[in-house]
Amino acid sequence: MLLLGGDRPDAVWLEAFARRMSPVPVSWKADPSLGYTAEQNRSPEVIRRRVGAFLLRILKGNRGKGGDWVWIHNPGLGRNVVVANELARVCRARGVRVTWHHHDWWFDNRWARWEEMRVHGVKTLRAAARAMLPGGHGWMHAGINRRDAARLRSAFPEQAVWLPNPVEFKAPIGVRQAKEARAWLAKRLDGDEKSPVWLLPCRFLRRKNVAEAVLLARWIQPEAWLVTTAGASSKDEIGTWTRLKAAAETHRWRVRLSVLDGAPSTAPSVEELLGASAVVVLTSLVEGFGLPYLEAAAAGRPLVARRLGNVVPDLELLGFRFPTLYDEVKVSPGWLDWPAEIERQTRLFAAWRAGLPRVCQDWVQLPPWLDKTAPRGVPFSRLTLTGQLEVLTHPAESTRAFAMTLNPWLRRWAARAETGVLPCVTWRAGTTEKLSGRAYAGRFWRAERLARSAPPPREEEAESAQEAFIRERLSTEHLYPMLWTSET
């Protein structure tokens, strides 16, 4: 097995991975041209030549005999469209089979990728579809959730499969490890060793909707600390991270962001922090698979999370039951400058829409909340960061009672938190096996046998599938002002 990427893999991770793959040998090769194009200083033509030459060197021994098989991780994100195009070209020429494993999409509230792709030669939606969803003999497209897999099957009926991530469920950490992790946290929580901790295990991205986690923690368990693990994932996210961190410090909120960012090697692992927490919280607006749902289950911790329509049904099908999920958190427009928020959103929406490919501008559904008549309750997730911070400046004791009339489930959950503990995720018989490596391999090889004998699809099928994806992602359900721009 040969791993390819733009950077050298983390040594500890690579060693553990190689150990798990034994007796299959694992090696790696890296070339900077395979990294995100936005983080390279090379010209598009130089990147294309380097990527093409690199892939040819790797696959030079294959002559259509099926000796090589390439698995490309998350090409639909569009962070290096040159790799996708060159990989398809080289693999077609040499008869190499490819599995395109899709986790996220460039058009799913990531429209900044569009201009980036145009710079690197993908100047039309047709070209984007052929880069992200190419067809070839024996090739296979794998979707990480059933909603995406169904879209893929519309284009590739015999070459698409639902392939959720395999998950190994370890036993919860021991009491001693949990106490040590909690003591480590206490040093970062003003010495507080007793107050409960709500943990949001994630890199910091706008789509994680972290301010909503702050709001939920203060309403359901006001004495709790809200803690996140990693730092900002890219330069596009630093502004949001900085503003939220500054607000938390200014107003003395019980919040600690990115506690593991820059921490020494002796710091607790995410698994140990989960074991030291009272509640795991997941307020993401967009997820491909939803690993934190399973991390909470494995740690035996209550989970407060959004009911994401492309994630929760899959996990329930696999045998999980989540007792504390919500759809939206409604807030009073009186807790912020509503006219200013509407004016701000109207301006941001117009600028965002104008930046879409021209044909896509007509597919966008208008946000129904962009109305100067203030509703009784507005979803917190549909506010800009500025609006969210205005809501959070109100002390919890001044908003909690009315929040419970807007969100009746809050009262029940707060009562459970006061008298004992929130209920944990439950598992049904066979759940672990359904996400095992054995089950993963079974899904994959069944799909591979079908794909192997299927004729290559027409290029037009990829275009129609991408259009269906984009139209869905531009519906009201998927419109979030925080994701229109990094400056909200």
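A brief look at the structure comes next.

**So, helix H17 (residues 408–419)**
Because each turn of an α-helix spans 3.6 residues, side chains separated by three or four positions end up pointing in the same direction.
Then, number 1: Of all the positions in H17, only Trp 409, Leu 410, Trp 413, Ala 414 and Ala 417 are classed as buried. For H17, the angular spread of buried residues about the axis comes to 130 degrees, placing them on one side. Exposed residues pointing more than 90 degrees away from the buried face of H17 are listed as Arg 412, Glu 418 and Thr 419.
Then, number 2: On its buried face, H17 sits against helix H8 (210–220), strand E11 (303–306), strand E13 (325–326) and helix H16 (396–406).

**A few points about the nonpolar core**
Then, number 1: In this structure, Trp 198 and Tyr 293 are the most contacted members of the largest nonpolar core, which totals 91 residues.
Then, number 2: Considering each element in turn, this core owes the most residues, nine residues, to H8.
Then, number 3: Ignoring any residue separated from it by four or fewer positions in sequence, one finds Trp 198 in contact with Leu 216, Ala 217, Ile 220, Gln 221, Ala 224, Trp 225, Leu 226, Val 227, Val 279, Val 281, Val 304 and Leu 422.
Then, number 4: With 52 residues, the next largest nonpolar core counts Leu 125, Ala 128, Ala 155 and Leu 474 among its residues.

**Here we look at the sheet that holds E13**
Then, number 1: Within the open sheet, the six strands sit side by side as E9-E8-E7-E10-E11-E13. Their pairing is parallel. Both edges of this open sheet fall to strand E9 (255–256) and E13, since each of them pairs with a single strand only.
Then, number 2: Strand direction decides the pairing type here: strand E8 (residues 225–228) and E9, joined by two bridges, are parallel. If you follow Leu 226 over to E9, its bridge partner there is Val 255.
Then, number 3: Packed onto the sheet, helix H11 (residues 291–299) meets strand E10 (279–282), E11 and E13 and runs at close to 165 degrees relative to E11.

**Things to note about the packing of helix H9 (residues 235–251) against helix H15 (residues 385–392)**
Two numbers describe a pair of packed helices, the interaxial angle and the distance between the axes.
Then, number 1: With their axes 11 Å apart at the nearest point, H9 and H15 run at an angle of 10 degrees to one another. If you check the angle between H9 and H15, you find them roughly parallel. The two elements H9 and H15 meet at a crossing, and its hand is right-handed. Note on element contacts: H15 touches H9 through Leu 385, Thr 386 and Leu 389, opposite Thr 240, Arg 243, Leu 244 and Ala 247.
Then, number 2: For the contact of H9 with H15, the residue count by class is four nonpolar, two polar and one charged.

**Focus: the side chain of Arg 218**
Then, number 1: Relative to the helices and strands, Arg 218 resides in helix H8.
Then, number 2: The side chain of Arg 218 sits in the buried core without any salt bridge; Glu 397 is the nearest counter-charge, 7.7 Å away.
Then, number 3: Other than its neighbours up to four places away in sequence, Arg 218 contacts Trp 253, Leu 392, His 394, Ala 396 and Arg 400.

**Examining the pattern of salt bridges**
Then, number 1: One pass over the full model with this rule turns up 37 salt bridges.
Then, number 2: Between Glu 463 and Arg 126 there is a salt bridge; the shortest N-O distance is 3.4 Å. With a gap of 337 residues between them, Glu 463 in helix H20 (residues 459–473) and Arg 126 in helix H5 (residues 125–132) connect regions that are remote in the sequence.
Then, number 3: The partner of Arg 207 in a salt bridge is Glu 287, and the shortest N-O contact between them spans 3.6 Å. One end of the pair, Arg 207, is in the loop between strand E7 (197–200) and H8; the other, Glu 287, is in the loop between E10 and H11, and 80 residues separate them in sequence. Each of the two residues, Arg 207 as well as Glu 287, counts as buried.
Then, number 4: Through salt bridges with shared partners, a single ionic network connects Asp 108, Arg 147, Asp 148, Arg 151, Glu 472, Arg 473 and Glu 477.

**Here's the deal with the sheet that holds strand E6 (residues 160–162)**
Then, number 1: Read from one edge of the open sheet, four strands run E3-E4-E5-E6, paired in parallel fashion. The two strands at the open ends of the sheet, each matched to only one other strand, are strand E3 (69–73) and E6. With strand direction ignored, the average angle separating the axes of adjacent strands in the sheet is 20 degrees.
Then, number 2: The pairing of strand E4 (residues 97–102) with strand E5 (residues 140–143) spans four bridges and is classified as parallel. The partner of Trp 100 across the bridge, within E5, is His 141.
Then, number 3: Sheet contacts for helix H6 (residues 146–155): E4, E5 and E6; angle to E6, the most-contacted strand, approximately 165 degrees.
Then, number 4: Relative to the sheet, helix H19 (residues 437–453) contacts E3, E4, E5 and E6, its axis offset from that of E3 by approximately 120 degrees.

Rules used throughout
Residues numbered from 1 in each chain as written. Predicted model: local features only at pLDDT ≥ 70, side-chain atom pairs only at ≥ 80, totals over all residues. Heavy atoms only, no water. Buried < 20%, exposed > 50% of the residue type's maximum accessible area, 1.4 Å probe, protein only. Helix = DSSP H or I, 4+ residues; strand = E, 2+ residues; numbered from the N terminus. Arc of directions from axis to C-beta. Contact = heavy atoms within 4.5 Å. Core = buried A, V, L, I, M, F, W, Y, C linked by side-chain atoms within 4.5 Å. Pairing = 2+ DSSP bridges. Axes fitted to C-alpha atoms, helices over the stretch in contact; angles between N-to-C directions. Parallel < 35°, antiparallel > 145°, perpendicular 65-115°, else oblique. Left-handed = near helix turned anticlockwise from the far one by under 90°. Nonpolar A, V, L, I, M, F, W, Y, C, P; charged D, E, K, R; others polar. Lys, Arg positive; Asp, Glu negative; His and termini not counted. Salt bridge = Lys/Arg side-chain N within 4 Å of Asp/Glu carboxyl O.

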